[in-house]
Amino acid sequence: MATVRMPHVVCVPFPLQGHIFPMLKLAKLLHQKGFHVTFVNTEYNHQRIIDSRGSNALNGLSDFKFVTLPLPNPPSNSHTSLALTFLALREICRKSFPTLFRDLVMKLNDSSSSSNPPVTCLLSDAILSYTLELSDELQIPNVLLWNMGASGFLSFKHSRDQIKQFVACLKDPSNEGAANKNLDSVMEWIPGMKGAQVRDLSKFFKSKQQFGSMEDSSEGDLTRASKASAVIFHSFDALESEVLNDISPMFQKVYSIGPLQLLLDQIGNNRYNSMDCNLWNEEPECIKWLDSKKPSSVIYINFGSTTVMSNEQVVELAWGLANSTHNFFWVTRPDLIMGDSAILPPEFLVETKERGFLASWCPQEEVLNHPSVAGFITRCGWNSTVESISAGVPVICWPFFGEHFVNCRKSCNEWGVGIELSNNFQRNEVENLVSELMVGEKGQKLKSKAMEWKKVAEEAASSNGSSSLSLKNLVNEVLLLRN
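Residues numbered from 1 in each chain as written. Predicted model: local features only at pLDDT ≥ 70, side-chain atom pairs only at ≥ 80, totals over all residues. Heavy atoms only, no water.

Let us now look at the sheet that holds strand β12 (residues 395–397). Sheet strands line up and pair through hydrogen bonds in the backbone, either parallel or antiparallel. Across the sheet, which stays open at both edges, the six strands sit in the order β10-β9-β8-β11-β12-β13 with parallel pairing between neighbours. The sheet is open, and its two edges are formed by β10 (356–359) and β13 (418–420), each paired on a single side. Between one strand axis and the next, the sheet turns through 20° on average, direction left out of account. Here strand β9 (residues 327–331) pairs with β10 via four bridges, running parallel. Paired with Phe329 across the bridge in β10 is Phe357. Sitting on the sheet, helix α12 (residues 311–324) is in contact with β8 (298–302), β9 and β11 (373–378), with an inclination near 155° to β9. (Pairing = 2+ DSSP bridges. Helix = DSSP H or I, 4+ residues; strand = E, 2+ residues; numbered from the N terminus. Axes fitted to C-alpha atoms, helices over the stretch in contact; angles between N-to-C directions. Contact = heavy atoms within 4.5 Å.)

Moving on to the sheet that holds strand β3 (residues 64–69). Pairing is parallel across the open sheet formed by seven strands, whose spatial order is β3-β2-β1-β4-β5-β6-β7. The open sheet has two edge strands, β3 and β7 (254–256), and neither has a second partner. Neighbour-to-neighbour, the strand axes of the sheet open up by a mean angle of 20°, direction not taken into account. The pairing of strand β1 (residues 8–12) with strand β4 (residues 121–125) spans four bridges and is parallel. In the sheet register, Cys11 faces β4, and the bridge partner there is Leu123. This element, helix α19 (residues 466–479), spans β4, β5 (142–146), β6 (230–233) and β7 of the sheet and lies at about 150° to β7.

A separate point is the pattern of salt bridges. Taken as a whole and assessed by the stated rule, the structure comprises 10 salt bridges. Between Glu365 and Lys25 there is a salt bridge whose closest N-O contact spans 2.9 Å. Here Glu365, found in helix α14 (residues 364–368), pairs with Lys25, found in helix α1 (residues 17–32); they are 340 residues apart in sequence, far enough to count as distant. You can call Glu365 partly exposed: its relative accessible area is 24%. Across the salt bridge formed by Glu441 and Lys445, the nearest N and O atoms sit 3.9 Å from each other. One end of the pair is Glu441 and the other is Lys445, both in helix α18 (residues 441–461) and four residues apart, which spans about a single turn. Each member of the pair, Glu441 as well as Lys445, is classed as exposed. (Salt bridge = Lys/Arg side-chain N within 4 Å of Asp/Glu carboxyl O. Buried < 20%, exposed > 50% of the residue type's maximum accessible area, 1.4 Å probe, protein only.)

With 74 residues, the main nonpolar core has Phe39, Leu123, Ile257, Tyr300, Phe329, Val367 and Leu474 as its most contacted residues. Counting residues per element, this core draws most heavily on α1, which supplies seven residues. Mapped onto the domain boundaries, this core takes at least three residues apiece from domain 1 (8–151 + 211–278 + 462–478) and domain 3 (284–459). If sequence neighbours within four positions are ignored, Ile257 has contacts with Leu26, Ile232, Phe233, His234, Ser235, Leu263, Ser467, Ser470, Leu471 and Leu474. Grouped together as the second largest cluster of nonpolar side chains are 29 residues, Met309, Val314, Phe348 and Val430 included. (Core = buried A, V, L, I, M, F, W, Y, C linked by side-chain atoms within 4.5 Å. Domains from an automatic or database assignment.)

Another point: the packing of aromatic side chains. Each aromatic ring pair is described using two quantities: the centre-to-centre distance and the angle formed by the ring planes. In total, this model carries 18 aromatic pairs according to the counting rule given. Judged by centre distance (6.3 Å) and plane angle (55°), the rings of Trp382 and Trp415 are tilted. Remark: Trp415 occurs in the loop between α16 (404–414) and β13 and Trp382 occurs in helix α15 (residues 382–391); sequence separation between them is 33 residues. Assessed through its relative accessible area of 3%, Trp382 is described here as buried. Ring-pair connections join several aromatic residues into one group, and the members of that group are Trp289, Tyr300, Phe329, Phe357 and Phe376. Lying over the aromatic face of Trp280, Arg48 brings its terminal NZ or CZ to 5.1 Å of the ring centre. (Phe/Tyr/Trp six-rings, centres within 6.5 Å; stacked < 30°, edge-to-face > 60°. Lys NZ or Arg CZ within 6 Å of the ring centre and 35° of its normal.)

In short, shape yes, function no, at least from these values alone.
Shown next, in the form of structure tokens:
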């Protein structure tokens with residue numbers, strides 16, 4: 001009788017922190033389903049993980065292994081380049097990734113054995129859709145993971161023509177009035193995005209340069225993605241049902257699988273706990289500090305791994321927090337301020353010594369689920385959006401880039417869990433919004449709605465929930481199929 005060999009999935013995220021996290025969680029879920037997993041990091045990120053987490057984080061298991069690609073890392077001589085890291089990495093991947101990845105997969109197949117079965121399927125970041133050429137050659141399934149919500153994806157896809165028109169207006173100063181009018185136009189024709197304005201959708205890009213770079217590459221991404229065996233959105237049906245239905249005809253198969261951490265919690269197996277791909281050093285003291293605070297007494301602030309602020313914005317935010325008189329936990333990366341290290345006014349540090357805690361990085365999901373945390377000031381990245389919903393924590397939104405603005409609109413206007421902070425905020429606005437969220441009537445309504453969504457998310461991740469069934473269907477309908 002022929003031996004049935006273990007299915008082998010190669011998981012390859014785009015080499016940024018926010019893309020690595022969900023891919024690793026999916027990899028763990030597939031391993032639990034019986035897959036041999038090969039997880040691919042760049043050599044640069046591999047070393048960063050070891051530096052921040054120790055070598056044990058990447059030891060893996062006998063059938064869950066971490067490997068590396070010698071992909072060049074974009075040069076970064078100042079913090080002002082952080083917002084452009086995404087674009088620089090895209091260009092590097094376009095030039096170097098296809099050949100390097102093909103060589104890796106071929107090597108895995110050449111060295112296949114009972115402990116390292118041949119590759120049977122690929123799970124790729126949607127930005128790395130170049131992998132579709134290889135899977136087509138090998139005649140194996142290839143599933144793409146979009147690192148944005150379904151709403152963000154649909155907005156991006158349908159808003160490109162509108163953004164082109166807006167950029168054309170910007171190039172001609174005499175058209176300033178037309179540009180502003182265009183921003184206020186309601187995009188009723190976009191499926192699943194009723195009531196959205198061009199203003200919500202045109203903020204995907206921080207500059208005309210970024211728009212041009214993104215436009216050149218995104219067209220290819222969307223065209224190639226339609227040929228994938230399936231696509232995954234880290235979401236759940238109840239959160240984005242209408243949009244998911246509208247997206248479904250664009251791809252061969254669409255699966256909403258999330259929240260991923262809640263699905264992992266269902267496993268109840270701690271063998272994955274030591275496997276981590278965090279590029280930053282977490283400060284465990286923050287949890288001890290949170291332990292010392294009363295329930296629902298702390299506002300948490302974190303703008304992710306790539307957002308940068310001006311020194312003026314940091315100062316205004318600091319004094320807004322101080323003037324609110326509430327406890328706060330603020331993640332201030334060393335590269336948070338454009339062109340400089342994050343240096344806060346000494347008098348601010350003195351005034352908030354007993355009720356403020358600053359850290360360079362933290363275990364965010366643990367923080368959001370801590371009983372002392374009552375609210376979250378966020379730039380509305382999709383990972384943070386899903387994590388705050390999973391924890392039942394309302395948000396103050398300060399969107400920075402890309403689909404952040406769509407996530408903000410949905411959080412504030414549709415899901416009822418957020419309020420928005422102005423782009424050019426002053427300290428009094430920060431003070432007022434923090435106080436409203438922590439002790440105001442609106443804050444109580446936001447908290448109540450957030451807890452409702454938490455319950456819905458938990459139901460989706462339960463053993464018979466929509467996301468658990470989607471994961472099962474993904475495995476049986478796509479990943480285990482042999483061409």
